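# Per-entry structural report
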Amino acid sequence: MTDRDKTLTDGRKSASAQEILRREGRPVPPAFEMESRRFLGDADIDFDRYTDQAFFDREMDLMWTRTWQWACREDHIPKVGDYYVYDIGHHSVIVLRDKDMSVKAYVNSCLHRGTKFRPGDSLGSMEEIRCPFHGWTWDLSGELKRIPYDWDVPHVKGRDFSLPKVQVGLWGGFVFINMDDDAMPLAEYLAPIPEHLENFDLSNRFIEVHIEKELSCNWKAAREAFVENYHTQETHPQLLLGSDDEGSQYDVFNDHICRMFVLFGVPSPLIDPRPSEQELVDQALTGNRSLMGDDVIVGEGESARVVMARILRKQLGDAYDTDLSRFTDTEMIDVSQYGIFPNAILFPQLSLPMIYRFRPIGNDPHRTLFELLIMRPNPDPHDGGGDAPPPAVPQRLKEEDSFTTIKGFDPILGHVYDQDTGNLRAQQQGIRAARKKGATLLNYQEVRVRLLHQTLDKYLAEG
Ligand code: FES
Ligand SMILES: [Fe+2]
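In this text, all values refer to a predicted model and were calculated from it rather than measured experimentally.

Once that is clear, we can look at the overall build of the chain. Looking only at helices and strands, the chain has 14 helices and 20 strands in total. Here the C-alpha radius of gyration of the chain, 24 Å, is about what a compact globule of 463 residues would show, namely 23 Å. Taken along its principal axes, the extent of the C-alpha atoms in the chain is 85 × 65 × 40 Å. Out of the 463 residues belonging to the chain, those deemed buried represent 40%. Contacts in the chain between residues far apart in sequence, at least 24 positions, make up 64% of those at least 6 positions apart.

So this is what it looks like as structure tokens:
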């Protein structure tokens, strides 16, 4: 850590997450007992990066084709022949379960006249990969099986007509793809996430809710709206009572992985006077408020955080038929979100166990698909039970539709997401209207915004 890294938060009023955890003296796993703050510079970020089609096209050619992106969960393709199509811009990859149960991925384009085998973001099951145009057919391992009237294509004989493969990596129940044959291994790309999140056992979760929301902004602006807690004081003032915006921790681990760590049950310094511990519990936002119950009483000498963790461990454990006793308080109630460059953000903690994904819609620098998934613990195996529910079917929202209409999603939280996405059209329009050339960022609280651009630049420069 340089001197500049160390002094990044000088002048801050709030106690840091680490100071509060140390003061509490409760058990904290090593991953949450550390921080990795970095000063990455303070130059403005050019607005052209959000609007320029040529810049977007370079991202599509040089970055999206060379990075690990999570395409689906293994639960989307549990049986031989199950497939899931992941589209990014004009690129399309078909992920499927081969006969030996391994996961394969191919370029989703027929070697005859190019037709897509299956449409983008579709899923289903197939015995063989058969093109819907003229019926050229491959087996699940990508080997050419059949060409109708093959007497007419003698020039195919002796040539390699197996489907071009795309790299696949598995971790935590997620299927990642990478179109670059020379990419670094997934485990190296994701470090330190597999080590940090081992106790959460993410492969043992199911997708309870899957939301797709269309946004009128660049994909980077959409992602950036969710990687800092700085906007909370203006955009979500109702959340300040329950979490300390200014005290949030921002970690940069490497080019691809960063983290925000926010303690819950600790008020913002903007709330004056400080609320009682009972008031903190009463307004707790836990992702599903009904699970907290309405009449939780904080005992003499107890803190809101300890009470919230205890109640949530019991209520969530009962609701999802699983034992959560191995989780510390911070693993239950706090929120850490790990950013995986370029398209994913992962929330492992039990109170708000979510995944985000951000992708451009088609090849449009002004449109984004934002996906939000909730992943709950699978029920523990036991007599007569324990089967993981299948992943939820996506519910799609147009830009003007509200998150509060989503079935199975807490409307209080839905309102928060409406507040978030409500800003984004205005930001994209303002960027285009600007006379100033770029965005001026906060050094500490917006470091993850800067990191995204710096990593992107490394991919563009190598092209
Ligand atoms: S384009 Fe696929 S079989 Fe003709
Ligand atoms: Fe927000």
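To continue, consider the sheet that holds strand S12 (residues 205-215). Across the sheet, which stays open at both edges, the 8 strands sit in the order S13-S14-S15-S16-S17-S18-S12-S19 with mixed pairing between neighbours. Edge positions in the open sheet fall to strand S13 (249-252) and strand S19 (395-397), since each of these has one partner strand only. Going across the sheet, the axis of each strand differs from the next one's by a mean of 15 degrees, ignoring polarity. Summarising the sheet, S13 and strand S14 (residues 257-262) pair through 4 bridges and their orientation is antiparallel. By the bridge assignment for S14, aspartate 251 is matched with arginine 259.

Here we take up the sheet that holds strand S5 (residues 103-107). Strand-to-strand pairing in sheets goes through backbone hydrogen bonds, with the strands running parallel or antiparallel. Taken together, 4 strands build an open sheet; the order of strands is S5-S4-S3-S6 and the sheet is antiparallel. The open sheet has two free edges, formed respectively by S5 and strand S6 (123-125), since each of these has just one partner strand. Strand-to-strand, the axes of this sheet are offset by a mean angle of 25 degrees, without reference to chain direction. Bridge analysis of strand S4 (residues 91-97) against S5 gives 5 bridges, and the strand direction is antiparallel. Each residue of the ladder has a partner; that of arginine 97, found in S5, is valine 103.

Taking 1.5 Å of rise per residue, the 12 residues of helix H12 (residues 411-422) would be expected to cover 16 Å, and the 16 Å separating its terminal C-alpha atoms lies within 8% of that figure. Three or more residues of H12 are buried, namely Leu413, Tyr417, Asp420 and Thr421. For H12, the buried positions fall inside an angular range of 85 degrees around the axis, keeping them on one side. Each element contacted by the buried residues of H12 is listed here: S12, helix H8 (232-235) and helix H13 (424-433).

Let us now look at the domain arrangement of the chain. Per the domain assignment, the segments of the chain are domain 1 (3-49 + 198-462) and domain 2 (69-178). At the level of secondary structure, the elements contributing two or more residues to the side of domain 1 that touches domain 2 comprise S12 and strand S17 (354-360). Here the element with the most residues in the side of domain 1 that touches domain 2 is S12; it accounts for 3 residues. Each residue belonging to the side of domain 1 that touches domain 2 can be placed in one class, and the counts come to 8 nonpolar, 4 polar and 2 charged.

Glancing now at the nonpolar core. Counting residues in each nonpolar core, the largest one holds 112 residues, and the members touching the most others are Ala71, Tyr86, Ile94, Val95 and Ala222. Both of domain 1 (3-49 + 198-462) and domain 2 (69-178) provide at least three residues apiece to this core. Setting aside its immediate chain neighbours within four residues, tyrosine 86 contacts Ala71, Cys72, Val93, Val95 and Ile177.

Reading guide: rules and limits
The numbering scheme is per chain: residues are counted from 1 as the chain's sequence reads. Key to labels: chains lettered from A, ligands numbered from 1, both in the order written. With the structure being a predicted model, the display of local features is reserved for residues of pLDDT at least 70 and the display and counting of side-chain atom pairs for 80 or more, all residues being used for whole-chain, interface and lining totals. Elements are defined by DSSP. Helices are runs of H or I of four residues or more, strands are runs of E of two residues or more, and each kind is numbered from the N terminus. Our radius of gyration is a C-alpha quantity, and the globule rule it is checked against amounts to 2.2 Å times the number of residues to the power 0.38. With C-beta atoms placed from the backbone, a residue is buried if 20 or more other C-beta atoms are within 10 Å of its own, exposed if 12 or fewer are, and partly exposed between those counts. C-beta atoms are first placed from the backbone for all residues, and any pair lying within 7 Å is then listed as a contact. For two strands to be treated as a pair, DSSP must find no fewer than two bridges joining them. Axis lines are fitted to C-alpha atoms, over the contacting stretch for helices. Their N-to-C directions set the angle, which ranges from 0 to 180 degrees. In this scheme, a helix's expected span is set at 1.5 Å multiplied by one less than its residue total. In this context, the arc is that of the directions from the helix axis out to the C-beta atoms. What marks off one domain from the next here is an automatic or database domain assignment. Residue polarity is assigned by list, with Asp, Glu, Lys and Arg as charged and Ala, Val, Leu, Ile, Met, Phe, Trp, Tyr, Cys and Pro as nonpolar; anything else, Gly included, falls into the polar class. Definition of nonpolar core: a set of buried Ala, Val, Leu, Ile, Met, Phe, Trp, Tyr and Cys residues joined via C-beta atoms within 7 Å.

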